[in-house]
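Listed below, chain by chain, are the residues.
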Amino acid sequence: MQIIHEDLLAMVEAMPAFPQGVSKVLDLCSKADCSPKDLVSVVERDPVLAMRVLKLVNSPFIGLSQPISSISHGVAYVGMNTIKNIALTVAAIGMLPRENKANFDMDEFLQHSLGTAAVCKRMAGLKGVKETNSADYFLAGLLHDFGKVILVRQMPDQFSEALEEAQKKKLALDAAERMIYKIDHAEIGAVLAAHWALPEGLIRAIRYHHSAGDLSNPSLLEQIVMAGNLVVHRLGFGSSGNYYPAELPKSIIKNLGMNIDEIISAIGDTDSLFADAKAFAST
Amino acid sequence: MRFKFWGVRGSIATPGPKTVRYGGNTTCIEIRGASNELVILDAGTGIFQLGNTLAPEFPININIFLSHTHWDHIQGLPMFSPIFVPGNKITIHGAMDIVSQHSVKEVLSRQMEHAYFPVKETELAAELSYVDLQENDCIEFGETRVTNCLLNHPVLNFGYRVESAGKSLVFTGDHEWPYNIYDQTDPEYGAYQEIINARRQKIIDFFKDVDALIIDTSYDDIEYEQSKVGWGHGTFDKSIAAAKESSVKKCYLTHHEPTRSDDELEDLYFAALERNDISDSDPEFILAKEGVEFLA
């Protein structure tokens, strides 16, 4: 199936962001003293806003000498006003409707994405990743399922069929997707991210978040995003429509030195970890 | 390499008795490379007078580099007489608009639309071409090369480094030193500070050892802290610190705040020199003055 073509790319360009993100952006920007850190915190919590900012700041037309892999990094390079204007441009498109033809719960999905982001960032800290780079882990966690946003919006019937088949046959969602439309949300998200010239590490983390175990030498980011996703599934925080995710491969358990339960206990108080995600997604 | 200021005022042209000494035109700098090749940095209102001096050299090859496309840096372009004369070749370099994704040509063509100007961009007689610069591009002509560095302003702003036969000059365009958007008590503060530090170091390296640093010094430091943070401009103390740190030979302070009279500008300048304890081993600090030519 020819999934990525010009029409799809054009439609993605016009994709609105999550209602939570849009209303917060409009609210913040209506104030004369719009606080930069508050605006960054909104942009980096809405997958559509975050993706759009990353896409523009990494645009080959600008050709920045280094890839921008977090929103705050983007602010430091292209300036607050540019980020604010990108956010406002996206907000002006409208809001992703809460109801959709795929019957996919976008609020639950946002919680899942934010939860994964928080877990990935915490895991990065546990694995000794420098504070400066931990925002990359947060963002990769947030965007790992971006392909699903595309599917809900552009191919709701097929996505809905995949969701139902996965439930019925007790399949991992990505497997059901490949069965029905020969590609899965991880690949769709990665192909778009690559088309937009996002940083290579982020593209790979999206592409391999269900299959990092198949790689001969997976990066820490790829492994943490794969494990972080499963941690959030195990804890039942939000929902990504995947009720039978595959187990974390042994090789990754070995590399990380922890299985899912051990990661959960190392993380500690997940309520406080998820408090921020809950607060954002429930507004 | 020679250079001459044709406009040193920030934000808006300010003709009048209070700005006669330093000048009221907005930013424009003429540079002549070792073989007299012409580079123009920014096309504020000062470029009008510059254009009127160029006729003896027609047909002429002109490379214009725009730091950014805010009004005070492009407003003189439609009145720059060489664009109306056949045979002249004019190349305009600059950054595209990241938000709208419009090229430099698209952005500039708009200021010549019917509602704003009687002559359309397509009707100009000179041979005009446009280059959307990418960070770290290197443009060479004659003995001159121009490299760029992304600086910090509310719109993409390139600083330019012009080198010719062993001499060098940096012009910042409009630049505010990036600051930490987090409070010291925020968990994000440390990581963000590291990004800022790396960014500052990259800019200092770009300035390093130039013969002439022409730097946005719009504000006094107190006025900046009180009400101008985030506006995208530099201050006396920050410019002086950066010039010292990058060991430039001479530092020209420019983009004078438009409400400032000549006397007020000089008062702030003298106070800043005093405050910053300038000694013999430091760079020479000079207030940029319209109509004055310097050797780099």
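Residues numbered from 1 in each chain as written. Chains lettered and ligands numbered in written order. Predicted model: local features only at pLDDT ≥ 70, side-chain atom pairs only at ≥ 80, totals over all residues.

Asks: Help me understand the overall build of chain A, please; the structure alone is not making it clear to me.
Replies: In terms of regular secondary structure, chain A is built from 17 helices and 0 strands. Since a compact globule built from 283 residues should have a radius of gyration of about 19 Å, the 18 Å found for chain A is in line with a globular shape. Its C-alpha atoms give chain A principal-axis dimensions of about 50 × 40 × 35 Å. For chain A, the residues scored as buried account for 51% of the 283 residues in total. At a minimum sequence separation of 6, the contacts of chain A that also span at least 24 residues come to 68%. (Helix = DSSP H or I, 4+ residues; strand = E, 2+ residues; numbered from the N terminus. Rg over C-alpha atoms; globule rule 2.2 N^0.38 Å. Buried ≥ 20, exposed ≤ 12 C-beta atoms within 10 Å, placed from the backbone. Contact = placed C-beta atoms within 7 Å.)

Asks: I'm lost on the sheet that holds strand β12 (residues 250–254) of chain B in this one. Help?
Replies: The strands that make up a sheet are held in pairs by hydrogen bonds between backbone atoms, and each pair lies either parallel or antiparallel. All names here are of chain B. One open sheet holds the 7 strands; their spatial order is β7-β8-β9-β10-β11-β12-β13, and the pairing between them is mixed. Edge strands, defined here as strands with exactly one partner in the open sheet, are β7 (138–141) and β13 (284–287). Strand after strand, the sheet turns through a mean of 20° between neighbouring axes, direction not considered. Here 4 bridges tie β7 to strand β8 (residues 144–151), and the two strands are oriented antiparallel to one another. The residue bridging Glu 140 from the neighbouring strand is Arg 145, located in β8. Lying over the sheet, helix α4 (residues 189–207) contacts β8, β9 (157–164), β10 (167–171) and β11 (212–216), oriented at roughly 160° with respect to β8. (Pairing = 2+ DSSP bridges. Axes fitted to C-alpha atoms, helices over the stretch in contact; angles between N-to-C directions.)

Asks: Got a minute to help me understand the environment of Pro 249 of chain A in this structure?
Replies: Residue and element names in this part refer to chain A. Residue position: Pro 249 is located in the loop between α14 (220–235) and α15 (250–256). You can call Pro 249 partly exposed: it has 18 C-beta atoms within 10 Å. The spatial distance from the C-alpha of Pro 249 to the C-alpha of Asp 33 is 49 Å, given a sequence separation of 216 residues.

Asks: Before we go on, may I ask you to explain helix α17 (residues 270–281) of chain A in this structure?
Replies: An α-helical turn contains 3.6 residues, so any two residues separated by three or four positions project in the same direction. Residues and elements named next belong to chain A. Between the first and last C-alpha of α17 there are 16 Å, a value that for 12 residues agrees with the 16 Å anticipated at 1.5 Å per step. Every buried residue of α17 is accounted for by Phe 274, Ala 277 and Ala 281. Buried residues of α17, seen end-on, are gathered within an arc of 45° and therefore sit on one face of the element. Exposed residues on α17 whose side chains face more than 90 degrees from its buried face are Asp 271, Ser 272, Ala 275 and Ala 279. (Expected span 1.5 Å × (residues − 1). Arc of directions from axis to C-beta.)

Asks: Is there a simple way to explain the packing of helix α2 (residues 19–29) of chain A against helix α6 (residues 80–93) of chain A in this structure?
Replies: Helix-helix packing: each pair is described by the crossing angle between the helix axes and the interaxial distance. All names here are of chain A. Across the interface, α2 lies against α6 with an axial gap of 9 Å and an inter-helix angle of 125°. Judged by the angle between their axes, α2 and α6 are oblique. In this structure, α2 meets α6 at a crossing whose hand is left-handed. Mapping the contact onto sequence places Val 22, Val 25, Leu 26 and Cys 29 in α2 and Lys 84, Ala 87, Leu 88 and Ala 91 in α6. Residue composition of the contact of α2 with α6, by class: 7 nonpolar, no polar and 1 charged. (Parallel < 35°, antiparallel > 145°, perpendicular 65-115°, else oblique. Left-handed = near helix turned anticlockwise from the far one by under 90°. Nonpolar A, V, L, I, M, F, W, Y, C, P; charged D, E, K, R; others polar.)

Asks: In this structure, what is going on with the interface of chain A and chain B? I would like to understand it.
Replies: Frequently, the measure chosen for interface size is the accessible area removed from exposure when the parts meet. Between chain A and chain B, the residue contacts involve 27 residues of the former and 26 residues of the latter. Sorting the residues of the side of chain A that touches chain B by element identifies α3 (36–43), α5 (71–78), α6 and α8 (131–143) of chain A as the ones contributing at least two each. Looking at side-chain class alone, the side of chain A that touches chain B contains 13 nonpolar, 12 polar and 2 charged residues.

Asks: Explanation requested: the sheet that holds strand β3 (residues 38–41) of chain B in the structure shown.
Replies: All names here are of chain B. Taken in spatial order, the 7 strands line up as β6-β5-β4-β3-β2-β1-β14 in an open sheet, and their pairing is mixed. Two strands in the sheet have a free side with no partner beyond their single neighbour: β6 (127–132) and β14 (293–295). Each neighbouring strand pair of the sheet contributes to a mean axis angle of 20°, computed without reference to strand direction. Inspection of the sheet shows strand β5 (residues 89–94) paired to β6 by 6 bridges, in the parallel sense. Residue pairing in the sheet places Lys 89 in a bridge with Glu 127 of β6.

Asks: Hey, could you run me through unusual backbone geometry in this one?
Replies: Residue Pro 59 of chain B is reached from Phe 58 of chain B by a cis peptide bond, and omega for that bond is -5°. With respect to the helices, strands and loops of the structure, Pro 59 of chain B is situated in the loop between α1 (46–51) and β4 (61–65). The residue Lys 170 of chain A is not glycine, and still its phi comes out positive at about 55°. Here Lys 170 of chain A lies in the loop between α10 (156–169) and α11 (173–181). Take Lys 170 of chain A: there are 9 C-beta atoms within 10 Å of it, and that puts it in the exposed class. Its identity is not glycine, yet Ala 197 of chain A carries a phi of approximately 60°, on the positive side. Position of Ala 197 of chain A relative to the elements: it lies in the loop between α12 (185–195) and α13 (200–207).

Asks: I keep staring at the packing of helix α4 (residues 47–57) of chain A against α8 of chain A and nothing clicks. Help me out?
Replies: All names here are of chain A. It is the contact of α4 with α8, at a shortest axis distance of 10 Å, that shows an interaxial angle of 120°. It follows that α4 is oblique to α8 by the angle criterion. Crossing hand, α4 versus α8: left-handed. Side by side, α4 and α8 meet where Pro 47, Ala 50 and Met 51 of the first sit next to Leu 139, Leu 142 and Leu 143 of the second. For the contact of α4 with α8, the residue count by class is 6 nonpolar, no polar and no charged.

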